[in-house]
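Observations on the model geometry
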Amino acid sequence: GAVVSQHPSRVICKSGTSVKIECRSLDFQATTMFWYRQFPKQSLMLMATSNEGSKATYEQGVEKDKFLINHASLTLSTLTVTSAHPEDSSFYICSASPPKTGFTNTEAFFGQGTRLTVV
Amino acid sequence: AQKITQTQPGMFVQEKEAVTLDCTYDTSDPSYGLFWYKQPSSGEMIFLIYQGSYDQQNATEGRYSLNFQKARKSANLVISASQLGDSAMYFCAMNSGGSNYKLTFGKGTLLTVNP
C-alpha cells in the first residue's frame with residue numbers, strides 16, 4: 001500500500017510559539033490531503049482539506065488563521081499551529097489521497113500522527 | 001450530511017472468541033463507502049476493511065468481516081478468533097463530499113481482549 005509519512009511524531013512547545021507539522025506522500029503524488037485532530041479518548045475530526053496549488057478548505061469552526069495549511073507540492077502538505085495555546089494540545093493526523101489510476105485500494109492512507117503538547 | 005454512530009464505548013472479549021462491533025450510519029447519498037480502522041495506543045490508523053454501498057457481498061479480510069445490512073444502515077465489524085493484539089480503539093467511518101478519502105468517523109469502540 002501507499003506510504004504517508006508525518007513528522008514530527010511528538011512535539012512540545014511553549015505557549016505562544018508556532019509549530020509546523022509535515023505530511024509527505026512517499027510513493028505517490030497527492031493532489032489532496034486531509035488534516036484531522038483527535039482529542040484524548042475522542043474521535044477524529046476533519047479540520048481541513050489541503051489542495052495542491054490552491055487554498056485549503058476548512059471545516060466549520062476551524063480557524064484558518066490559526067491553523068495554516070500549505071500544500072506547495074504534490075508530495076508535501078504542512079500544518080502550522082500559530083500562537084499555540086494549551087487548548088491546542090491534541091493528536092494531529094493527516095491522510096493523503098492517491099490518484100485514481102494505478103491504485104486499487106479504497107482506503108485513505110494515514111500518517112503516523114503528531115502528538116502536540118503546548119505548555 | 002453523513003453521520004456515523006458507534007454505541008459501544010467499550011467491549012470485552014475472551015481470547016480466541018469472536019466479537020461484533022456495532023456501527024450505524026446515516027447519509028442521503030446513494031453511493032458511499034464504509035470503512036473500519038484500528039487505532040492502537042501508538043495512534044496510527046490501520047485500515048481493516050471496506051464496504052461499498054453497491055457491493056452485493058459482505059466484505060471479508062482475513063479475520064475481519066463486515067456485516068452490511070443496507071436497509072438497516074448498519075455496518076458491523078466482526079472479528080473472529082480474537083487475539084491479544086486486537087486490543088485497540090476501533091473506528092467506523094464513511095466517505096463524504098464525493099471523495100473516497102475524506103472521512104467522517106464514529107466515536108469509536110475500545111476493544112479489550114482478555115487472556
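Residues numbered from 1 in each chain as written. Chains lettered and ligands numbered in written order. Predicted model: local features only at pLDDT ≥ 70, side-chain atom pairs only at ≥ 80, totals over all residues. Heavy atoms only, no water.

**Observations regarding the overall build of chain B**
Heads up, the condition is: Only DSSP runs of H or I with at least four residues qualify as helices, and only runs of E with at least two residues qualify as strands; both kinds are numbered from the N terminus onward. Radius of gyration means the value over C-alpha atoms here, while the globule rule gives 2.2 Å times the residue count to the 0.38 power. The contact rule is simple, with two residues in contact once any of their heavy atoms fall within 4.5 Å. Residue exposure ignores everything except the shown protein chains as possible cover, and the areas themselves are Shrake-Rupley values with a 1.4 Å probe. For the purpose of charge, His is not counted, nor are the chain termini; Lys and Arg are scored as positive and Asp and Glu as negative. Taken as the charge location is NZ of Lys, CZ of Arg, CG of Asp or CD of Glu.
Helices and strands together make up the secondary structure of chain B, namely zero helices and twelve strands. Tracing chain B from N to C terminus, the helices and strands come up as β-β-β-β-β-β-β-β-β-β-β-β. The globule rule puts the C-alpha radius of gyration for 115 residues at 13 Å, and the 14 Å found for chain B is close to it. The principal-axis extent of the C-alpha atoms belonging to chain B is close to 40 × 30 × 20 Å. Here the contacts in chain B between residues at least 6 apart in sequence split such that 54% fall between residues at least 24 apart. A total accessible area of about 5500 Å² is found for chain B, and carbon and sulfur atoms account for 49% of it. Once the 9 positive and 9 negative side-chain charges of chain B are each reduced to a mean point, those two points are 6 Å apart.

**Observations regarding the packing of aromatic side chains**
Residue and element names in this part refer to chain A. Going by this rule: To pair, rings of Phe, Tyr and Trp, with the six-membered ring standing in for Trp, must have centres within 6.5 Å; the planes then decide the type, stacked if under 30 degrees apart, edge-to-face if over 60, and tilted in the middle. Each residue's exposure class comes from its accessible area (1.4 Å probe, protein chains only) as a fraction of the maximum for that residue type: buried when under 20%, exposed when over 50%, partly exposed otherwise.
This model, assessed by the stated rule, comprises 13 aromatic pairs over all chains. Between Phe28 and Phe109, the ring centres sit 6.1 Å apart and the planes meet at 50°, which makes this aromatic pair tilted. Taken together, the residues span a long stretch of sequence, with Phe28 in the loop between strand 3 (19-25) and strand 4 (32-38) and Phe109 in strand 10 (residues 109-110) at a distance of 81 residues. The burial state of Phe28 is the same as that of Phe109; both residues are buried.

**Some points on the interface of chain B and chain A**
How big an interface is tends to be stated in terms of accessible area lost as the parts join. Put simply, the test is: Two parts placed together each lose some accessible area under a 1.4 Å probe, and the buried area is that loss summed for both. A pairing counts as a salt bridge when a side-chain nitrogen of Lys or Arg comes within 4 Å of a carboxyl oxygen of Asp or Glu. The term polar contact refers here to a pair of N or O atoms within 3.5 Å; inside protein, the definition further demands a hydrogen-donor-capable atom paired with an acceptor-capable atom, and it admits residues adjacent in sequence only when both atoms are side-chain atoms.
If you look at the interface, chain B gives 19 residues, while chain A gives 21 residues. Counting each side, the surface lost to burial between chain B and chain A is near 1600 Å², with a carbon and sulfur contribution of 60%. Summed over the three residues of chain B that lose the most area to chain A, namely Tyr101, Lys102 and Phe105 of chain B, the buried surface amounts to 41% of that side. Applying the counting criterion to the chain B and chain A interface returns one salt bridge. The salt bridge involving Glu59 of chain A is made with Lys102 of chain B; its shortest N-O contact spans 3.8 Å. In this assembly, chain B and chain A are joined by four residue pairs in polar contact (both at pLDDT 80 or more). Taken together, the elements giving at least two residues each to the side of chain B that touches chain A come down to strand 5 (33-39), strand 6 (46-52) and strand 11 (99-105) of chain B.

**Considering the state of the cysteines**
All names here are of chain A. Selection criterion: For the purposes of this analysis, a disulfide is any pair of cysteine sulfur atoms at a distance within 2.5 Å.
Evaluated as defined, the whole model comprises two disulfides over all chains. With its sulfur 2.0 Å from that of its partner, Cys23 forms a disulfide with Cys94. Looking along the S-S bond of the Cys23-Cys94 disulfide, the torsion reads about 85°, which is the right-handed sense. In this pair, Cys23 sits in strand 3 while Cys94 sits in strand 9 (residues 90-97), placing the two residues 71 residues apart along the sequence. For Cys23, a relative accessible area of 0% translates into the label buried. Under the relative-accessibility criterion, Cys94 is labelled buried at 0%.

**A word on the side chain of Gln6 of chain A**
Residues and elements named next belong to chain A. As for its placement among the helices and strands, Gln6 is situated in strand 1 (residues 4-7). Take Gln6: its relative accessible area is 5%, and that puts it in the buried class. Polar side-chain contacts of Gln6 include one of 3.1 Å to the side chain of Thr114. Those residues in contact with Gln6 that sit more than four places away from it in its chain are Ile21, Glu22, Cys23, Trp35, Tyr92, Ile93, Cys94, Gly111, Gln112, Gly113 and Thr114.

**Digging into the pairing of strand 12 (residues 109-114) of chain B**
Residue and element names in this part refer to chain B. So the rule is basically this: DSSP bridges decide pairing: two strands pair if at least two such bridges lie between them.
Alternating residues of strand 12 divide into Thr109, Leu111 and Val113, all buried, and Leu110, Thr112 and Asn114, none buried. Looking at chain direction, strand 2 (residues 10-14) and strand 12 are connected through five bridges and run parallel. Paired with Phe12 across the strands is Thr112, a residue of strand 12. By the bridge criterion, three bridges tie strand 10 (residues 88-96) to strand 12 in an arrangement that is antiparallel. Note on strand 12: the bridge partner recorded for Ala88 is Leu111.

By themselves these figures say nothing about function.
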